[in-house]
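Here's the letter readout for the chains.
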Amino acid sequence: MRTRFPVISSALLLLTLCLIGSAQSAFAQGADALRMEVERLSEAYRAGEAGPLRNMTEIVTVYGAHHYQFLWFADGPLAALRTDLAKEIARSSEHGLPLDRYHYAEITSGTVPEPMLELLFTDAFLSQVQDRYRGAVEEMDDEWYLERESIDPVTVLHALLEEGGNLESVLHALWPQTPEYWALVEKRATLAAADDTNSETVEAGPALKRGATGARVEQLQARLMGPGAHSGTFDEALQQSVATFQRAAGLEADGIVGAATLQVLNATRFSWIERLDANLERWRWLPRDTPSTYIRVNIAAFQMRVIENNSEALAMDIIVGRPYRETPIFTEEMQYLVFFPYWNVPYSIAVKDKLPLLRQDPAPLAAAGYEARLAGSEAFLQVSDVDWQSVRPGQFTLRQLPGDKNALGKVKFMLPNQHSVYLHDTPDKSLFNKTERTFSSGCIRLAEPRKLIKWVLQHDKSRYLPEMNRLFESGETVTAYLKEPVPVYLVYFTAFAVGNDVVFRRDVYARDQRIIDQLKASDRTL
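This write-up is about the structure you can find in this document. Nothing here was measured: the structure is a model prediction, and the numbers come from that model. (Residues numbered from 1 in each chain as written. Predicted model: local features only at pLDDT ≥ 70, side-chain atom pairs only at ≥ 80, totals over all residues. Heavy atoms only, no water.)

A few points about the overall build of the chain
Applied cut-off: Helix and strand definitions here come from DSSP, where helices need a minimum of 4 consecutive H or I residues and strands a minimum of 2 consecutive E residues; each element is numbered from the N-terminal end. The reference for a compact globule is 2.2 Å times residues^0.38; the radius of gyration itself is calculated from the C-alpha atoms. Burial classes follow relative accessibility: with a 1.4 Å probe on protein chains only, a residue under 20% of its type's maximum area counts as buried, one over 50% as exposed, and anything between as partly exposed. The contact criterion used is simple: two residues touch if any of their non-hydrogen atoms lie within 4.5 Å.
From N to C terminus, the chain includes 17 helices and 15 strands. On C-alpha atoms alone, the chain measures out to a radius of gyration of 31 Å, which is more than a quarter above the 24 Å that the 2.2 N^0.38 rule sets for 526 residues. With the C-alpha coordinates aligned to their principal axes, the bounding extent of the chain is approximately 120 × 70 × 50 Å. For the chain, the residues scored as buried account for 47% of the 526 residues in total. In the chain, the share of contacts with a sequence separation of at least 24, taken over all contacts with a separation of at least 6, comes to 66%.

Topic: the pattern of salt bridges
Counted only if it meets this: Salt bridges are defined as contacts in which a side-chain nitrogen from Lys or Arg sits within 4 Å of a carboxyl oxygen from Asp or Glu.
Scanning the model with the defined rule gives 33 salt bridges in all. Arg 296 is paired through a salt bridge with Glu 180; the nearest N and O atoms lie 2.7 Å apart. Separated by 116 residues along the polypeptide, Arg 296 in strand β1 (residues 294-298) and Glu 180 in helix α8 (residues 179-193) bring together distant segments of the chain. Glu 476 is paired through a salt bridge with Arg 470; the nearest N and O atoms lie 3.9 Å apart. Arg 470 gets classed as partly exposed once you look at its relative accessible area, which sits at 44%. Connected through salt bridges with shared partners, the residues Glu 88, Arg 91, Arg 132 and Glu 168 form a single ionic network.

Some points on the packing of aromatic side chains
Short version of the rule: In summary, the pairing rule links any two rings of Phe, Tyr or Trp, Trp by its six-membered ring, whose centres are within 6.5 Å, and it sorts them by plane angle into stacked for under 30 degrees, edge-to-face for over 60 and tilted for everything else. Here, over-ring charges are defined by two tests on the NZ atom of lysine or the CZ atom of arginine: distance to the ring centre within 6 Å, and angle to the ring normal within 35 degrees.
A full pass over the atoms with the stated rule returns 13 aromatic pairs. Between the aromatic rings of Tyr 492 and Tyr 509, the centroid separation amounts to 5.5 Å while the plane-to-plane angle is 10 degrees, which identifies the pairing as stacked. A residue pair is termed long-range when its members are at least 10 positions apart, and Tyr 492 in the loop between β13 (478-491) and β14 (495-498) and Tyr 509 in the loop between β15 (501-504) and α17 (512-520) qualify at 17 residues. Taken individually, Tyr 492 and Tyr 509 each receive the classification buried, so the pair is uniform in this respect. A connected cluster of aromatic rings, assembled from ring pairs, spans Trp 72, Phe 73, Phe 121 and Phe 125. Positioned above the aromatic ring of Tyr 133, the side-chain terminus of Arg 288 is 4.5 Å from the ring centre. Arg 399 extends its terminal NZ or CZ atom over the ring of Phe 380, reaching a point 3.9 Å from the ring centre.

A few points about the side chain of Arg 216
Structurally, the position occupied by Arg 216 is in helix α9 (residues 215-225). Each residue touching Arg 216, except ones within four places of it in the same chain, is listed here: Val 202, Glu 203, Ala 204, Gly 205, Pro 206 and Leu 208.

Quick word on the environment of Asn 55
Put simply, the test is: Polar contacts here mean pairs of N or O atoms no more than 3.5 Å apart (in protein, one a potential hydrogen donor and the other a potential acceptor; neighbouring residues in sequence count only if both atoms are side-chain atoms).
Along the chain, the position of Asn 55 falls in the loop between α1 (4-46) and α2 (56-65). Remark: the alpha-carbon pair of Asn 55 and Val 257, spanning 202 residues in sequence, is separated by 48 Å. Polar contacts involving the side chain of Asn 55 include one to the side chain of Ser 127, which spans 2.9 Å.

A word on the environment of Arg 40
Within the fold, Arg 40 resides in helix α1. Note on Arg 40: relative accessible area 45%, which makes it partly exposed. At 2.5 Å, the side chain of Arg 40 and the side chain of Glu 37 are in polar contact.

Brief notes about unusual backbone geometry
Of note, the phi angle at Glu 143 is positive, near 60 degrees, even though the residue is not glycine. Looking at the secondary structure, you find Glu 143 in the loop between α5 (114-134) and α6 (153-163). We classify Glu 143 as partly exposed; its relative accessible area is 32%.

Things to note about the nonpolar core
The condition is simple: Residues belong to a common nonpolar core when they are buried Ala, Val, Leu, Ile, Met, Phe, Trp, Tyr or Cys residues joined through side-chain atoms within 4.5 Å.
Of all hydrophobic cores here, the largest spans 139 residues; its most connected members are Trp 72, Phe 125, Met 304, Leu 337, Phe 413 and Leu 452. Sorting elements by how many residues they give to this core places α5 first, with 10 residues. Not counting residues within four places of it along the chain, the set of residues in contact with Phe 125 comprises Trp 72, Leu 85, Pro 153, Val 156, Leu 157, Leu 160, Leu 167 and Leu 171. In terms of nonpolar packing, the next biggest core, distinct from the first, is built from 10 residues, Leu 208, Val 257, Leu 262 and Leu 265 among them.

A closer look at the sheet that holds strand β6 (residues 370-374)
The condition is simple: Between any two strands, at least two bridges found by DSSP are needed for them to pair.
Strands sit in the order β5-β8-β6-β7 across an open sheet of four strands; the sheet is antiparallel. Each having just a single partner strand, β5 (343-344) and β7 (381-382) make up the two edges of the open sheet. As judged from the two bridges shared by β6 and β7, these two strands associate in the antiparallel manner. Bridged to Glu 371 within β7 is Gln 382.

Some words on the layout of surface pockets
Empty space among the atoms becomes apparent when a probe as large as a water molecule is rolled across them. Rule in force here: Cavities and pockets were defined on a 1 Å grid built from protein atoms only: a cavity is a group of points that admits a 1.4 Å probe but offers it no way out, a pocket is an open group of points flanked by protein on both sides within 12 Å along at least five of seven lines, and a lining residue is one with an atom within 4 Å of any such point. Grid points are joined across faces, edges and corners, and a volume is the space filled by probe spheres set on the points.
Taken as a whole, the largest pocket encloses approximately 670 Å³ of empty space. Along its surface, the largest pocket is lined by 31 residues, and Ile 349, Ser 440, Ser 441, Gly 442 and Cys 443 are the ones closest to its centre. When contributions to the lining of the largest pocket are tallied by element, the ones reaching two or more residues are α13 (347-360) and β11 (438-440). For the lining of the largest pocket, the element with the highest residue contribution is α13, accounting for five residues.

Some thoughts on α8
Note the threshold: Take the number of residues in a helix, subtract one, and multiply by 1.5 Å to get its expected span. By arc we mean the arc of the directions from the helix axis to the C-beta atoms, nothing more.
Counted at 1.5 Å a residue, the expected span for α8 with its 15 residues is 21 Å, and the 21 Å between its end C-alpha atoms agrees. For α8, the complete set of buried residues consists of Glu 180, Tyr 181, Leu 184, Val 185, Arg 188 and Leu 191. What you see down the axis of α8 is that its buried residues fit within an arc of 150 degrees, all on one side. The outward face of α8, more than 90 degrees from its buried face, is lined by the exposed residues Pro 179, Glu 186 and Ala 193. Packing partners of the buried residues in α8 comprise α12 (269-285), β1, β2 (303-308), β14 and β15.

Re the pairing of β1
The buried fraction of β1 amounts to five of the five residues, a majority that puts the element mostly inside the structure. Burial along β1 is two-sided: Tyr 294, Arg 296 and Asn 298 facing one way and Ile 295 and Val 297 facing the other are all buried. When β1 meets β2, the two strands line up antiparallel, connected through five bridges. Following the sheet pairing, Asn 298 is matched in β2 by Gln 303. Counted between consecutive antiparallel strands, the loop separating β1 from β2 contains four residues, among which Phe 302 sits at a positive phi close to 55 degrees. Pairing of β1 with β13 involves four bridges; the strand directions are parallel. Following the sheet pairing, Asn 298 is matched in β13 by Val 491.

Taken by themselves, the reported measurements are silent on function.
Here it is, written out as structure tokens:
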């Protein structure tokens, strides 16, 4: 018996060596196949050819560092996570990200060759990391000056390889974590699950108002009241229904169906979902680490909110820039406020708006307290004392004296920035009676500046707080510097959370569609 053990051991050893050699051979063949696939795609990428992978440079880096070994297949370190990644890609569509961007059809089809499928999984993971963290589209809104934060998706992949962990948790943590973002996600899910019961649309045409008759009025009645027999006459009851709809949609409640009302009226649940997708994308552009106390101006909502210790402390209506002088998106710190300020008229406004008026008749602007300083002089003159016919753009500086007629009202809140945009009072309070308030040249006009003064000075524990009311009525120009500047964020959301619901506002700057179009066009196919 003893003489057989060495024979059996030798046979087992030989078999083991054969199996190891075979495995090593297969392992090397797999690596060679993957390397050749990477090289093929990389050469095409360098030649400028469109390919299926968005992250070609990163993929070359990843697989070069791992000697072209499989990560997701062939018992690779991520093989057990393939199903999890496919599920996470599917879930990301609930945030408005298109499935084709992450090769969803290919990685779930079972028909793609394994080397190519390996690369598609890695490309999908890298894209998911970037898109969840900083957004998917290339072109952001016009007048967007907030810099998107960056993330290195290869670092995230390497951390998953080295440390292991739950892929779902890793990817979930990359979404914006603010409750307002998740309120939009929840609203999107509700709309996606709803039936599209209201299919009647109102054809384009002239504005519809009380007294109108015809087929378009019948369409309007069906849209607002549901299917059935309708009179086709725009009566008082229909006018009230239109006004109620407008009020709920944040439109001017005049009971007239013009272009703006028609656009919102004809929207389906699918177009509402697209609007949500655009706003979810904007959230992904925003800085992640916002302070617990700050001021947020939502341009599209015509509203300013003060957030103190992560709760709303104050809200008020605002007026924003006209569509041809859009209020920009940026963040700066409020550093001081000025009671009864001068208005130093920005160059573009002085040249485009004021100079033609001055050449026509300077008297009205003189009565409103405007002064001018000509090039080469240090003194300001009344505008009525200047020969404006001989003055050219760039040859003068314009300002308005403090007072009841001053365009900035009785106070301005200064957050020094390249756009010359700040928050201020206004002498024209009647404009706050409008629902859509795009009347400024870019600055933010406040409906209730006293309330913001009080909050700012209280928050800063300012020595000016006891004198606040006197300063607001004194006519005296006083600058109150803040010991602790307050961050101010100017944003643009056409869908946003209010309490336990999400409300929509008309896209007054026509920005949503470009985001929607880019999301739809971001497909990557084999």
